[in-house]
Amino acid sequence: MPANILTTGSTAADSSDFPVAVGTPVTVGIKGAVDAKARVRIRLKDDIGGYTDVGELTPFRPVVAIIAPGTYLFTREAGSACGVFSA
């Protein structure tokens, strides 16, 4: 069932931590993109609480399957409206 991860907007924003469990892949996608500049960074939380960029969602790469377990964060860049959902 689809669920909201990051509400559509045009300001810089982070989602809440988004856990992906072992053996439970998740499909995530960009939503509400109004132009080609919309971009959401996919970041993976490390063992000391920092985040490392591991991918991105754009209108040209609108869907990604996350198969690696871990805690993820989705960061929208300011300027172009978009959001993130899980399918």
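My aim in this report is to walk through the structure given alongside it, one point at a time. As the structure is a computational prediction, the values presented were derived from the model and not from experiment.

Criteria and cut-off values
- Residues numbered from 1 in each chain as written.
- Predicted model: local features only at pLDDT ≥ 70, side-chain atom pairs only at ≥ 80, totals over all residues.
- Heavy atoms only, no water.
- Buried < 20%, exposed > 50% of the residue type's maximum accessible area, 1.4 Å probe, protein only.
- Helix = DSSP H or I, 4+ residues; strand = E, 2+ residues; numbered from the N terminus.
- Pairing = 2+ DSSP bridges.
- Axes fitted to C-alpha atoms, helices over the stretch in contact; angles between N-to-C directions.
- Phe/Tyr/Trp six-rings, centres within 6.5 Å; stacked < 30°, edge-to-face > 60°.

## Remarks on the pairing of strand β8 (residues 70-76)
Step number 1: Where burial is concerned, most of β8 is hidden: five out of the seven residues are buried.
Step number 2: Strand direction decides the pairing type here: strand β2 (residues 13-14) and β8, joined by two bridges, are antiparallel. Within β8, the position partnered with D14 by the bridge is T75.
Step number 3: Note: strand β3 (residues 18-20) against β8, three bridges, orientation antiparallel. Across the sheet, the residue bridging to V20 is G70, located in β8.
Step number 4: One ladder, built from five bridges, connects strand β5 (residues 40-45) with β8; its direction is antiparallel. For V40, the partnering residue across the bridge sits in β8 and is R76.

## Details of the pairing of strand β9 (residues 82-86)
Step number 1: Here β9 lies mainly inside the structure; four of its five residues are buried.
Step number 2: As defined by bridge partners, strand β1 (residues 3-9) adjoins β9 across four bridges and the pair is classed as antiparallel. For N4, the partnering residue across the bridge sits in β9 and is F85.
Step number 3: Here four bridges tie strand β4 (residues 26-31) to β9, and the two strands are oriented antiparallel to one another.

## Here we look at the sheet that holds β4
Step number 1: Sheet architecture is open: four strands sit in the order β1-β9-β4-β7, paired in antiparallel fashion. With one partner strand each, in any of the chains shown, β1 and β7 (63-66) form the two edges of the open sheet. The mean angle between the axes of side-by-side strands here comes to 15°, regardless of whether they run parallel or antiparallel.
Step number 2: Judged from the four bridges that link them, β4 and β7 form a sheet pairing that is antiparallel. For G29, the partnering residue across the bridge sits in β7 and is V63.

## So, the packing of aromatic side chains
Step number 1: Counting across every chain of the model gives one aromatic pair.
Step number 2: Pairing F18 with F74 gives two aromatic rings, centres 5.9 Å apart and planes at 70°, and the pair type is edge-to-face. In this pair, F18 sits in strand β3 while F74 sits in strand β8, placing the two residues 56 residues apart along the sequence.
Step number 3: The class of F74 is buried, set by a relative accessible area of 0%.

## Observations concerning the environment of T11
Step number 1: Of note, T11 is situated in the loop between β1 and β2.
Step number 2: T11 gets classed as exposed once you look at its relative accessible area, which sits at 52%.
Step number 3: C-alpha separation for the pair T11 and C82, spaced 71 residues apart in sequence, amounts to 9.4 Å.

All we've got here are geometric facts, nothing functional implied.
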